[in-house]
Every structure is written in structure tokens, then in C-alpha cells.
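Analysis of the macromolecular model
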Amino acid sequence: MILLQQNENLADYLEDTYFVNYSTVSLQQKAAQLFAPSITDIDKINDAYKFVRDSIHHSADINSHRITKTATEVLHYGEGMCYSKTILFTALLRSQGIHTGFCYQRLTRDDQGNMGYDIHALNAVYIADKKAWVRIDPRGNTNGRNAQFYPDDPLREQLAYTVRTDIGEIDYPGVYTRHPVLVLYPLLHCKDCQEMMAAYLPDSLED
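One structure accompanies this document, and this report is about it.

The rules behind these values
Residues numbered from 1 in each chain as written. Predicted model: local features only at pLDDT ≥ 70, side-chain atom pairs only at ≥ 80, totals over all residues. Heavy atoms only, no water. Salt bridge = Lys/Arg side-chain N within 4 Å of Asp/Glu carboxyl O. Buried < 20%, exposed > 50% of the residue type's maximum accessible area, 1.4 Å probe, protein only. Helix = DSSP H or I, 4+ residues; strand = E, 2+ residues; numbered from the N terminus. Pairing = 2+ DSSP bridges. Contact = heavy atoms within 4.5 Å. Axes fitted to C-alpha atoms, helices over the stretch in contact; angles between N-to-C directions. Arc of directions from axis to C-beta.

Let's talk about the pattern of salt bridges
The final tally for this structure, using the stated rule, is nine salt bridges. Notably, a salt bridge pairs Glu 73 with Lys 69, separated by 4.0 Å at the nearest N-O pair. Of the residues examined, Glu 73 reaches a relative accessible area of 24% and is grouped as partly exposed. Its salt-bridge partner being Glu 169, residue Arg 164 comes within 3.0 Å of it at the nearest N-O pair. A relative accessible area of 4% places Glu 169 in the buried class. Sharing partners across several salt bridges, the network here consists of Arg 135, Glu 157 and Asp 171.

Written out as C-alpha cells, the structure reads:
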């Protein structure tokens, strides 16, 4: 799939924000721990990806009721749902000057598409020497999922979910600098993560 950069200025994909708050002390310390000065950007992408995918729990997998919103919160508590895990992954890579954005899929809540849809968040990372974006999903490889990043073939895509268009699932091609308001809304306004994931996630990127 051809990914569509939503902001023309590539530098926008390095911005430090309230949510992607990589200038904070805790994020800088974690970046220094993860990334040796001598490693390549590809190695940094791989190290950050494995850390967020494998060491940060997905809220659904541990039945957590906590909602983490900022990169520092996700790092501190070691957990978050997909919207939150993508925020931490973005923060770690942007701290290293690696352009990183947000992508989305519309997925069914059951195998047949009878229970509606949720918007799932993942990331896109700009591979500078290829001058191209690749999608990477740090959701976590539980329950048979097998998302990967391949340092030797960095544009090869292997995501946690394969979209089934025949039952209304969608791969959205946009690469966003920030989560859209409709994605952030449940993070900001819900009090319980299990309740949020059960009933308050958006079902489309369109208003």
C-alpha cells in the first residue's frame, strides 16, 4: 500500500508535543539506555520497536483499568493500549531525529464483522536512505500475532493484523503527525481502560 504523508513538511514528524513528550528527563534517560551512540538509525528503530512491542504491556492483555496517555506515562507504568503504545514508540524515535508518524486500521470486533468496528493505531517510520515510509505495529505479539520489523529489509511490512476488506475492514493510507482528535478523545475523557476499549473507541476515522 502506498502511504500518504499528511503533512508536507517532513520535519513535522519530529515534533515534541504534550503526548509525544520526548524532551522529558525520563524519555531522554530511556533513549540513552536503549540507543548506543554508534548504532545506525535502522538499529535504533529495531531496538525501540522490540522494547515497546515486547516490554510494554497492552492494556487488553493484562486486563488493566489504567489509561496511559503521554509517552512518559506509558513508560512509567509499562502499559498502554495501542493508541498509547504508538505514542511511546513515536517519542523514542523522534528523540533520535527519526521521522515517525501514526497510521490506522479499521478492524472488526469479532471474526464475522457482526459486532462493529474499532480503530486500531500503529506507526509509520520514515526510512531515510530509502526515502519511503514503512508501517510498524508495536501492539504486542500475544495470542498468535506476529508483527515484525526486518532490519535487513526495512521496507518489508509484517503487521499484527491483516485487513479483510470483504467484511468492511480498512487500511487507511494516511501518515499523521499526531493522533486525530477522535482518537485522543477516549483517552482524555474515559476513566477506565476496560470500559473505554469495550465501548468508546472510534469505529471510523471519518467524523
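What about the environment of His 76?
Positionally, His 76 belongs in helix H3 (residues 71-77). The spatial distance from the C-alpha of His 76 to the C-alpha of Ser 26 is 8.3 Å, given a sequence separation of 50 residues.

Points about the sheet that holds strand S6 (residues 132-136)
Strands sit in the order S6-S5-S4-S7 across an open sheet of four strands; the sheet is antiparallel. Each edge of the open sheet is held by one strand with a lone partner, namely S6 and strand S7 (170-171). Sheet topology note: the strand S4 (residues 100-108)/strand S5 (residues 117-127) ladder contains nine bridges and is antiparallel. Each residue of the ladder has a partner; that of Tyr 104, found in S5, is Ala 121. Together, S4, S5 and S6 form the strand contacts of helix H4 (residues 82-94), whose direction differs from that of S5 by roughly 10°.

Considering unusual backbone geometry
Note: most residues except glycine have negative phi, and most peptide bonds are trans. A positive phi angle, close to 55°, is found at Asn 63, a residue other than glycine. By secondary structure assignment, the location of Asn 63 is in the loop between strand S2 (57-58) and H3. By relative accessible area, Asn 63 is classed as exposed at 53%. In the Ramachandran plot, Lys 131 falls in the positive-phi region, its phi being about 55° despite a non-glycine side chain. Within the secondary structure layout, Lys 131 lies in the loop between S5 and S6.

Description of helix H1 (residues 25-34)
Considered for burial, the residues of H1 that qualify are Leu 27, Lys 30, Ala 31 and Leu 34. All buried residues of H1 lie within an arc of 100° about the axis, which places them on one face of the element. In this structure, H1 carries Val 25, Gln 29, Ala 32 and Gln 33 as exposed residues pointing more than 90 degrees from its buried face. As for H1, its buried residues are in contact with helix H2 (41-55), H3 and H4.

Everything listed here is a matter of geometry and, on its own, says nothing about what the molecule does.
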